[in-house]
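Geometric and topological summary
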Amino acid sequence: MLQAPKYISGEEVEKLLDLKELLTSIETGLGNYSKGKDGGVVQPVRLVVPIEKHHGNLGVMPGYSSFEDALATKVVAFYPENKDLPTHQAWVLMQDPTNGSLNAIIDGGSITAIRTGIASAVATKHLANPNSHILTLLGAGVQARSHFKALLLLHKFDEVRIFSRTRASAQKLAKEIGKTAKVCSSVEEAVEDADIIVTVSFATTPILKAEWVKPGAHINAVGACRPDWRELESSLMQQSVVYCDSREACSQESGDVILSGCDIYAEIGEVINGEKLALWEKTTVFKSVGMAIEDVLSAKIVFDKYMRIGSTLAEK
Ligand SMILES: NC(=O)c1ccc[n+]([C@@H]2O[C@H](COP(=O)([O-])OP(=O)(O)OC[C@H]3O[C@@H](n4cnc5c(N)ncnc54)[C@H](O)[C@@H]3O)[C@@H](O)[C@H]2O)c1
Ligand SMILES: O=C(O)[C@@H]1CCCCN1
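Residues numbered from 1 in each chain as written. Chains lettered and ligands numbered in written order. Predicted model: local features only at pLDDT ≥ 70, side-chain atom pairs only at ≥ 80, totals over all residues. Heavy atoms only, no water.

Taken together, the side chains of Glu-188, Glu-192, Asp-193 and Glu-211 make up a negatively charged region of the molecular surface. Mapped onto the secondary structure, Glu-192 falls in the loop between α6 (187-191) and β11 (196-199). (Patch = residues over 30% accessible without salt bridge, like charges linked within 9 Å, V, L, I, M, F, W, Y side chains within 5 Å. Areas by Shrake-Rupley, 256 points an atom, 1.4 Å probe, with all protein chains shown as cover. Salt bridge = Lys/Arg side-chain N within 4 Å of Asp/Glu carboxyl O. Lys, Arg positive; Asp, Glu negative; His and termini not counted. Charge placed at Lys NZ, Arg CZ, Asp CG, Glu CD. Helix = DSSP H or I, 4+ residues; strand = E, 2+ residues; numbered from the N terminus.)

Shown next as structure tokens:
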């Protein structure tokens, strides 16, 4: 008989998803993805339905990993102009791979926030100078927060610079981060001498110029996930060594890649698998558009733990 699916809230996801465990899982998953058929990951490029009338988009992201035997689909709405609601709202549908039954509906906003920061942390682990002290966040929303938390797993920053479209949002984030945070008045000021730069804005035209970036810096380029959206100017993409999460997806979805005509040197999974070099002494860009496999692996950890200890969560 069909069972009603469990519902797992964002609050529960945050309690269940251990960042270190997820980092290991996503690192393995990105490596498996880049092995092609041998890695057992099935993940088509996501389907995006533009809702032009309301300036929004709907993404549908199915994925399967045979290694963990995990099957899930994320449905993600991204509405850059939302003000009172989050700009990203998502749900992950977790299915039983043996028979197709729906096991759970998991809040996907929290999963998207956490797993994207962790995917960038995996790239940063391989591509940033191990002696990185200055972090810059361009954008001060959900992803800025999750990236700060994820990157703290790897580095202790002396300074965290923040620039955002509205100074008030940068100030709010700076207050949460504490005394290492510094609100900046321009992108140029924010990135001067920065070791690691994270672009997590909703910019649609380039905000980051090559001449402002310290040679040898590492950039996690996380926004601009549509073919006509940009965050990095063309010369920065062309002069840097560009890594990506998925070559197939970035070649179809990333305006920074498509419109600059840059070469993608490697998928981060190829570095993890030892097939391509981690050229961390050079200026590196990790172009992330987001992958279903990251959602699948996050959902698997959440669901398995929920089934073990879920009923006790509410008391914690
Ligand atoms: N690669 C991935 O896997 C992935 C996953 C989720 C989100 N994203 C992308 O990351 C970006 C940030 O997402 P979020 O959830 O943090 O959004 P958010 O709405 O919570 O925050 C966006 C922030 O960017 C700032 N901003 C907007 N336009 C700007 C500009 N031109 N210059 C500087 N700052 C600007 C806003 O003021 C806000 O602080 C979006 O582009 C989103 O699509 C990527
Ligand atoms: O991978 C994701 O979840 C997001 C969805 C919205 C657009 C950017 N990438």
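What follows is about the pairing of strand β15 (residues 284-287). Burial along β15 is two-sided: the face carrying Thr-284 and Phe-286 and the face carrying Val-285 and Lys-287 are both buried. For strand β12 (residues 218-221) and β15, the ladder comprises four bridges, and the chain directions are parallel. The residue bridging His-218 from the neighbouring strand is Thr-284, located in β15. Judged from the four bridges that link them, strand β13 (residues 241-244) and β15 form a sheet pairing that is parallel. (Buried < 20%, exposed > 50% of the residue type's maximum accessible area, 1.4 Å probe, protein only. Pairing = 2+ DSSP bridges.)

Let us now look at unusual backbone geometry. Even without a glycine there, the phi angle at His-55 is positive, about 55°. In this structure, His-55 sits in the loop between β3 (47-51) and β4 (56-65). Here His-55 falls in the partly exposed class, since its relative accessible area comes to 47%. For Asp-69, which is not a glycine, the phi torsion comes out positive at approximately 50°. Structurally, Asp-69 is set in the loop between β4 and β5 (70-78). You can call Asp-69 partly exposed: its relative accessible area is 34%.

A few words on the site of ligand 2. Close contacts around ligand 2 come from Arg-46, Met-61, Lys-74, Val-76, Phe-78, His-88, Thr-112, Arg-115, Cys-225, Val-289 and Gly-290, and that covers them all. Within the contact set of ligand 2, an oxygen atom lies 3.0 Å away from a side-chain nitrogen or oxygen of Arg-46. The contact in question runs from an oxygen atom of ligand 2 to an N or O atom on the side chain of Arg-115, over 2.9 Å. Across the complex, the protein chains shield 92% of the 260 Å² of accessible surface that ligand 2 would expose by itself. (Near = heavy atom within 4 Å. Polar contact = N/O pair within 3.5 Å; in protein donor to acceptor, adjacent residues only side chain to side chain.)

Another point: the domain arrangement of the protein chain. Partitioning the protein chain into structural domains gives domain 1 (6-112 + 293-313) and domain 2 (116-291). Look at where the C-alpha atoms of domain 1 and domain 2 centre, and you get two points 22 Å apart. Across the contact, 27 residues belong to domain 1 and 28 residues belong to domain 2. Interface of domain 1 and domain 2: buried area, both sides summed, is about 2500 Å²; carbon and sulfur atoms make up 62% of it. Among the residues domain 1 hides against domain 2, the three largest losses belong to Leu-23, Glu-27 and Val-45. Together they make up 23% of the total. Counting every contact that joins domain 1 to domain 2 gives two salt bridges. (Domains from an automatic or database assignment. Contact = heavy atoms within 4.5 Å. Buried area = accessible area lost by both parts, 1.4 Å probe.)

A few words now on the packing of helix α3 (residues 108-127) against helix α4 (residues 142-151). As a packed pair, α3 and α4 sit with axes 8 Å apart at the nearest point and diverge in direction by 45°. Classified by the angle their axes make, α3 and α4 are oblique. Here α3 runs over α4; the crossing is right-handed. Here Thr-112, Ala-113, Ile-114, Thr-116, Gly-117, Ile-118, Ser-120, Ala-121 and Thr-124 of α3 lie close against α4, whose contacting residues are Val-142, Gln-143, Ser-146, His-147, Ala-150 and Leu-151. Looking at side-chain class alone, the contact of α3 with α4 contains seven nonpolar, eight polar and no charged residues. (Axes fitted to C-alpha atoms, helices over the stretch in contact; angles between N-to-C directions. Parallel < 35°, antiparallel > 145°, perpendicular 65-115°, else oblique. Left-handed = near helix turned anticlockwise from the far one by under 90°. Nonpolar A, V, L, I, M, F, W, Y, C, P; charged D, E, K, R; others polar.)

A few words on the environment of Phe-148. Its location among the elements puts Phe-148 in helix α4. Taking the C-alpha atoms as reference points, Phe-148 and Arg-161, separated by 13 residues in sequence, lie 11 Å from one another. Apart from the residues lying within four places of it in its own chain, the contact partners of Phe-148 are Leu-135, Leu-137, Val-160 and Ile-177.

So, about the pattern of salt bridges. Counted according to the given criterion, the structure contains 13 salt bridges. As a salt-bridge pair, Lys-74 and Asp-295 come within 3.1 Å of each other at their nearest N and O atoms. Of this pair, Lys-74 sits in strand β5 while Asp-295 is found in helix α11 (residues 292-313), placing the two residues 221 residues apart along the sequence. The same class applies to Lys-74 and to Asp-295, which are both buried. Taking the shortest distance from any N to any O, the salt bridge between Asp-304 and Lys-300 comes out at 3.2 Å. Placement of both Asp-304 and Lys-300 in helix α11 is noted, with a separation of four residues, approximately one turn of the helix. Here the salt bridges do not stand alone but share partners, grouping Lys-74, Arg-115, Glu-294 and Asp-295 into one network.

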